[in-house]
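# Fold and contact review
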Amino acid sequence: RDFLQQVQNKVAQAIQSPEGKKEVQRMLQCIRAYCFQGPSATMASVKSGLTTIGAVAIGLDSKVGDFLEDIMQLLLGDPLGSGPFLAEPSSDQVSGDARVRYLACESLFNVAKVANEELLPYLDRIFDGLSRLAGDVVPDVRHAAQVLDRLLKDITSHHQDKLNVGSFVDELAKRMKFKNPMIRQLCLGWTSLVLSMENVDLESFIPRFLEGIFEVMETHDHSRDSRQNADTLLDKCLEKVKNLERPKARRIIFQTAQRLAQSCKNQDKVIRLCSLCWLYEYVKLTPNFAGAACAASSSASSAFALRETDEGEAMAWHNGWSQRLPDVMDGVFDCIGDKETEVSQMAVDLNNSLLELSGSLGDGLPVTELVTKLRNRLRPPEGRQLGQPAAAATGSEDPTGLVVVQVACLQWICLLLADSPQQMLQKETMKELFMPIFENLMHPHDQVVIASLRVMAQIMEAHPVEELTIEDFFQDRCVDTFTAPRAPGPVDLFTKIVERLLLVFSSEREMLESRGRLMIRQLCGHLDPRRLYVTVARAIQQEPNKDFAQKLVQTFNWILLTAAETRQLREELLEESQSHPQLLQLASLPNSTSGTGAKEVKPLFLELLEPWFHNPASALALCLWSQQYDLASELTARFASFDPTLEFLQQLDQLVMLIESPIFSRLRLRLLEPRQHPSLLKCLLGLAMLLPQAGAFQALTERMQLVQSSLLLEAREAAPKSGDWWGQDKRTLELKALLETFDKISHA
């Protein structure tokens with residue numbers, strides 16, 4: 001200590017003299033020659049030299065800047081070799097001794113105390129050595145490195161303008177890839193400091209460091225501090241991006257979006273969740289997006305909207321998302337069915353946001369790339385191919401996660417069909433997507449089937465850019481084409497797909513029984529139900545398999561008379577019965593044409609009637625609903641000639657239950673006027689005679705007993721009335737006015 005004090009005093013005195021500068025330089029040259037270089041350099045001399053350098057720096061005090069280059073060469077080395085501070089601890093150089101590494105830190109600490117901001121030009125090289133010493137195996141050396149690290153951070157934070165951020169960031173990025181948790185902690189601390197600087201170029205900084213921070217998080221080095229600090233740093237980075245001007249934020253977004261999409265595939269759930277959160281915020285930052293935050297009106301960026309930007313900026317956002325969307329969507333699909341609830345929910349929210357964002361891109365969507373990604377994700381139920389019998393399916397049901405992915409893919413296809421029909425309806429695109437969608441109609445999960453039907457409905461109602469044939473979709477498949485004879489003339493795509501769906505029902509009877517009603521209701525909800533029913537009716541009329549035709553009629557009839565999706569068809573049938581009192585007479589007339597040459601629309605009842613004859617009970621239900629009571633009575637009379645099979649009696653039983661349901665309340669009210677509807681009464685009595693004395697028979701019998709009261713009521717109303725001070729004409733006018741008022745209010 002006395003020696004070091006003497007060195008400090010001598011240097012302090014020498015620097016004050018006119019020749020002091022030369023004397024200090026000679027002193028430094030002696031330290032180099034005798035302590036670090038030449039045959040006289042030993043481990044002991046290196047230690048003495050390091051201690052002496054610190055004493056010289058303290059003695060120079062404010063004048064240290066004049067000699068800083070020489071001092072740093074002694075500590076850090078020159079192009080010919082590394083100094084003690086930068087030498088590898090594992091090498092055979094002098095730094096292999098722990099005491100040397102410790103004294104190197106101490107010496108540089110003394111230099112830094114007096115040099116202050118003048119040391120910052122050397123910070124990138126100092127950080128190189130500091131990162132080595134931070135992971136040293138000797139605790140004293142690590143402690144010395146930590147003390148030096150705190151001093152350097154303090155100097156840097158107070159003199160940010162003196163730091164060459166570019167070169168320092170390069171060194172920081174290199175060290176971020178090191179696996180040692182102590183080195184990573186060091187890097188994370190400096191990254192946080194750089195982020196807080198005002199003069200740092202975040203546009204180039206954040207993309208370079210994002211990958212390194214994710215690497216820190218995904219390495220399982222059992223260091224909670226590293227992961228926690230990395231997570232905190234990511235939040236800080238994201239906040240910085242959100243507060244940037246939109247053009248700068250845009251450049252960061254599109255530089256990092258692909259890396260974040262790749263991180264969505266990471267096995268670590270924290271990384272997946274973090275990546276999703278970043279991408280979700282990116283979508284919110286996109287101008288003119290419904291989810292964009294715009295509360296802070298004082299901020300210049302908060303009121304930014306795509307429609308308010310110049311054309312160049314708007315195009316940059318548009319092109320950026322068009323390029324990144326396929327990769328981002330694919331990354332979201334990896335998380336949307338995640339077993340971790342938090343991850344899957346975040347992925348669902350992000351997927352919905354991306355769908356909304358994509359809707360604003362319009363024709364700019366990268367349809368080809370998106371279709372490729374979607375095609376790779378869409379798959380039929382495992383072990384099941386279209387046309388196989390149910391027993392041939394050997395795979396188990398898909399996991400829930402895959403189901404969610406399938407539904408999400410189908411949502412995207414719906415969006416593309418709606419927003420980019422010109423590209424989606426090209427023949428090659430449809431050939432690539434149609435079969436996976438059609439095969440998913442056999443998926444064991446209802447959500448996938450419903451989503452597939454929605455897409456199928458869009459395709460069926462679309463107007464293809466190129467002429468499409470059913471063979472374009474089903475070529476080289478095990479399912480044969482529709483074999484029922486068709487009427488001559490061109491057949492549109494709508495009809496072809498309906499026929500193919502019926503063919504699937506024919507080969508998959510279990511599918512028709514278990515899921516047929518669900519599928520038909522969904523199609524009615526997305527398509528024109530009248531067109532669907534007319535198309536199905538014509539196909540049934542040509543169906544050679546009578547048993548299958550009977551099942552189809554039964555299923556479609558039940559939906560026709562009970563489902564909310566077919567309410568307009570039921571109303572149309574009632575309107576036809578009122579506007580065409582002699583409706584059945586039209587059935588014998590040939591199809592007429594209008595003055596323009598176009599065929600007149602045939603009444604729906606007549607379109608359905610003959611195909612419905614394949615199932616007598618359904619045909620009777622159709623006649624009863626359409627108020628064709630004469631035909632209904634005649635059909636009931638013919639039922640006596642049928643074999644009273646269990647299936648037929650069950651159908652009649654279901655018909656009675658249908659008549660007793662609320663939807664047939666209009667028909668039951670007709671029984672209050674039995675003299676005006678004798679055929680209806682005869683039909684119901686005939687049903688009662690055909691049914692065995694069970695539940696349906698009892699219900700129908702009790703209903704028929706009320707008809708006696710109706711007959712008495714009609715007889716009383718038909719008798720002449722006396723003493724009526726209102727007068728019959730006046731009574732009729734008053735009732736008509738009141739009823740018109742009732743109809744107006746009740747239907748408002």
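Turning to the overall build of the protein, a few remarks are in order. Of the regular secondary structure elements, the protein holds 34 helices and two strands. Looking at the 748 residues of the protein, the share that counts as buried comes to 49%. A separation of at least 24 residues holds for 72% of the contacts in the protein among residues at least 6 apart in sequence. As presented, the protein carries roughly 37,100 Å² of accessible surface, and 50% of it is formed by carbon and sulfur atoms.

Within the element layout of this structure, Asn615 appears in the loop between helix 27 (604-612) and helix 28 (616-625). With relative accessibility at 0%, the residue Asn615 sits in the buried group. For Asn615, the residues in contact, after removing those within four places along its chain, are Gln550, Val553, Gln554 and Gln651.

As a further point, take the packing of helix 14 (residues 311-336) against helix 15 (residues 341-361). Remark: helix 14 packs on helix 15, axes separated minimally by 10 Å, with the N-to-C direction vectors making an angle of 155°. By the criterion of interaxial angle, the relationship of helix 14 to helix 15 is roughly antiparallel. Pair helix 14 / helix 15 crosses with left-handed handedness. Contacts between helix 14 and helix 15 involve His318, Trp321, Leu325, Val328, Val332, Phe333, Cys335 and Ile336 from the first element and Val343, Ser344, Ala347, Val348, Leu350, Asn351, Leu354, Leu357, Ser358 and Leu361 from the second. Partitioning the contact of helix 14 with helix 15 into residue classes produces 14 nonpolar, four polar and no charged.

Along the chain, Ser322 falls in helix 14. Taking relative accessible area as the criterion, Ser322 reaches 14% and is therefore assigned buried. Here His318 takes part through its backbone oxygen, which lies 2.9 Å from a polar atom of the side chain of Ser322. Not counting residues up to four positions away in its chain, the partners in contact with Ser322 are Gly364 and Pro366.

Inspection of the entire model under this criterion finds 14 aromatic pairs. Look at Phe127 and Trp190: their rings are 6.0 Å apart centre to centre, the planes differ by 80°, and that puts the pair in the edge-to-face class. Pair noted here: Phe127 is in helix 6 (residues 123-134) and Trp190 is in helix 9 (residues 181-196), with a separation of 63 residues, a long-range link. For Trp190, a relative accessible area of 0% puts it in the buried group. Geometry around Phe494 places Arg531 over its ring, the cationic atom sitting 3.9 Å from the centre.

Moving on: the environment of Glu461. Tracing the backbone through its elements, the reader meets Glu461 in helix 20 (residues 446-461). On the accessibility criterion, Glu461 (39% relative accessible area) is partly exposed. Between the C-alpha atoms of Glu461 and Leu527, which are 66 residues apart in sequence, the distance is 7.3 Å. Engagement of the side chain of Glu461 in a polar contact is seen with the backbone nitrogen of Asp528, the distance being 3.3 Å.

Once that is clear, we can look at the nonpolar core. The biggest cluster of nonpolar side chains holds 226 residues, and the ones touching the most others in it are Phe85, Val111, Trp190, Trp321, Ile413, Tyr533 and Leu624. By residue number, the principal contributor to this core is helix 17 (residues 400-419), which donates 12 residues. Ignoring any residue separated from it by four or fewer positions in sequence, one finds Trp190 in contact with Leu123, Phe127, Leu130, Asp149, Leu152, Lys153, Thr156, Phe168 and Leu172.

Moving on, we get to helix 24 (residues 529-541). Its 13 residues give helix 24 an end-to-end C-alpha distance of 18 Å, which sits within 8% of 18 Å, the value for a rise of 1.5 Å per residue. In terms of residue burial, helix 24 counts as a mostly covered element, since 10 of its 13 residues are buried. Among the residues of helix 24, Pro529, Arg530, Leu532, Tyr533, Val534, Thr535, Val536, Ala537, Ala539 and Ile540 are the ones counted as buried. In the core, the buried residues of helix 24 are packed alongside helix 22 (493-507), helix 23 (509-526), helix 25 (546-562), helix 26 (567-579) and helix 27.

Taking 1.5 Å as the rise per residue, helix 2 (residues 20-36) with 17 residues should run 24 Å; its terminal C-alpha atoms sit 23 Å apart, in good agreement. For helix 2, the complete set of buried residues consists of Gly20, Val24, Met27, Leu28, Ile31, Cys35 and Phe36. For helix 2, the buried positions fall inside an angular range of 100° around the axis, keeping them on one side. Exposed and oriented more than 90 degrees from the buried face of helix 2 are Gln29 and Tyr34.

A word on the pattern of salt bridges. Taken as a whole, this structure holds 23 salt bridges when the rule is applied. The shortest N-O distance in the salt bridge between Arg530 and Glu572 comes to 2.7 Å. Residue Arg530 is located in helix 24, and its partner Glu572 is located in helix 26; the two are separated by 42 residues in the primary sequence. Residue Glu572 is classed as buried on the basis of its relative accessible area of 18%. Residues joined by salt bridges that share partners form a network here, namely Asp128, Arg132, Glu171 and Arg175.

Okay, the environment of Leu350 next. Looking at the element boundaries, Leu350 is found in helix 15. Looking at Leu350, the relative accessible area reads 0%, which means it is buried. Separated by 14 residues in sequence, Leu350 and Ile336 have C-alpha atoms that sit 9.1 Å apart. Not counting residues up to four positions away in its chain, the partners in contact with Leu350 are Leu276, Leu279, Tyr280, Val283 and Val332.

The geometry of a pair of packed helices is captured by two quantities: the angle between their axes and the separation between those axes. The interhelical angle for the contact between helix 16 (residues 367-377) and helix 19 (residues 427-439), taken along N-to-C directions, is 25°, at an axis separation of 10 Å. One way to sum up the angle between helix 16 and helix 19 is to call them roughly parallel. Read as a crossing pair, helix 16 and helix 19 show a hand that is left-handed. Residue-level contacts link Val371, Thr372 and Arg375 of helix 16 to Thr429, Glu432, Leu433 and Pro436 of helix 19. Residues that form the contact of helix 16 with helix 19 fall into these classes: three nonpolar, two polar and two charged.

At Asp61, a position not held by glycine, the phi torsion is positive, near 55°. Structurally, Asp61 can be placed in the loop between helix 3 (43-60) and helix 4 (68-76). Within the chain, Asn116 stands out as a residue other than glycine whose phi angle is a positive 55°.

Residue-level pLDDT values for the protein average 80, and 78% of them are 70 or greater. The spread of mean pLDDT over the elements of the protein runs between helix 34 (residues 728-746), the lowest at 58, and helix 24, the highest at 94. A low-confidence stretch, residues 90-94 (pLDDT under 50), is modelled with six contacts involving residues beyond four sequence positions or located in other chains. Across residues 476-489, where pLDDT falls below 50, the model places 23 contacts with residues more than four positions away in sequence or in other chains.

Before going further, it helps to examine the state of the cysteines. Scanning the entire structure with this criterion turns up zero disulfides. Here Cys237 is not disulfide-linked; the sulfur of Cys274 is the nearest cysteine sulfur, at 9.8 Å.

Parameters and conventions
- Residues numbered from 1 in each chain as written.
- Predicted model: local features only at pLDDT ≥ 70, side-chain atom pairs only at ≥ 80, totals over all residues.
- Heavy atoms only, no water.
- Helix = DSSP H or I, 4+ residues; strand = E, 2+ residues; numbered from the N terminus.
- Buried < 20%, exposed > 50% of the residue type's maximum accessible area, 1.4 Å probe, protein only.
- Contact = heavy atoms within 4.5 Å.
- Areas by Shrake-Rupley, 256 points an atom, 1.4 Å probe, with all protein chains shown as cover.
- Axes fitted to C-alpha atoms, helices over the stretch in contact; angles between N-to-C directions.
- Parallel < 35°, antiparallel > 145°, perpendicular 65-115°, else oblique.
- Left-handed = near helix turned anticlockwise from the far one by under 90°.
- Nonpolar A, V, L, I, M, F, W, Y, C, P; charged D, E, K, R; others polar.
- Polar contact = N/O pair within 3.5 Å; in protein donor to acceptor, adjacent residues only side chain to side chain.
- Phe/Tyr/Trp six-rings, centres within 6.5 Å; stacked < 30°, edge-to-face > 60°.
- Lys NZ or Arg CZ within 6 Å of the ring centre and 35° of its normal.
- Core = buried A, V, L, I, M, F, W, Y, C linked by side-chain atoms within 4.5 Å.
- Expected span 1.5 Å × (residues − 1).
- Arc of directions from axis to C-beta.
- Salt bridge = Lys/Arg side-chain N within 4 Å of Asp/Glu carboxyl O.
- pLDDT = per-residue confidence, 0-100.
- Disulfide = S-S within 2.5 Å.

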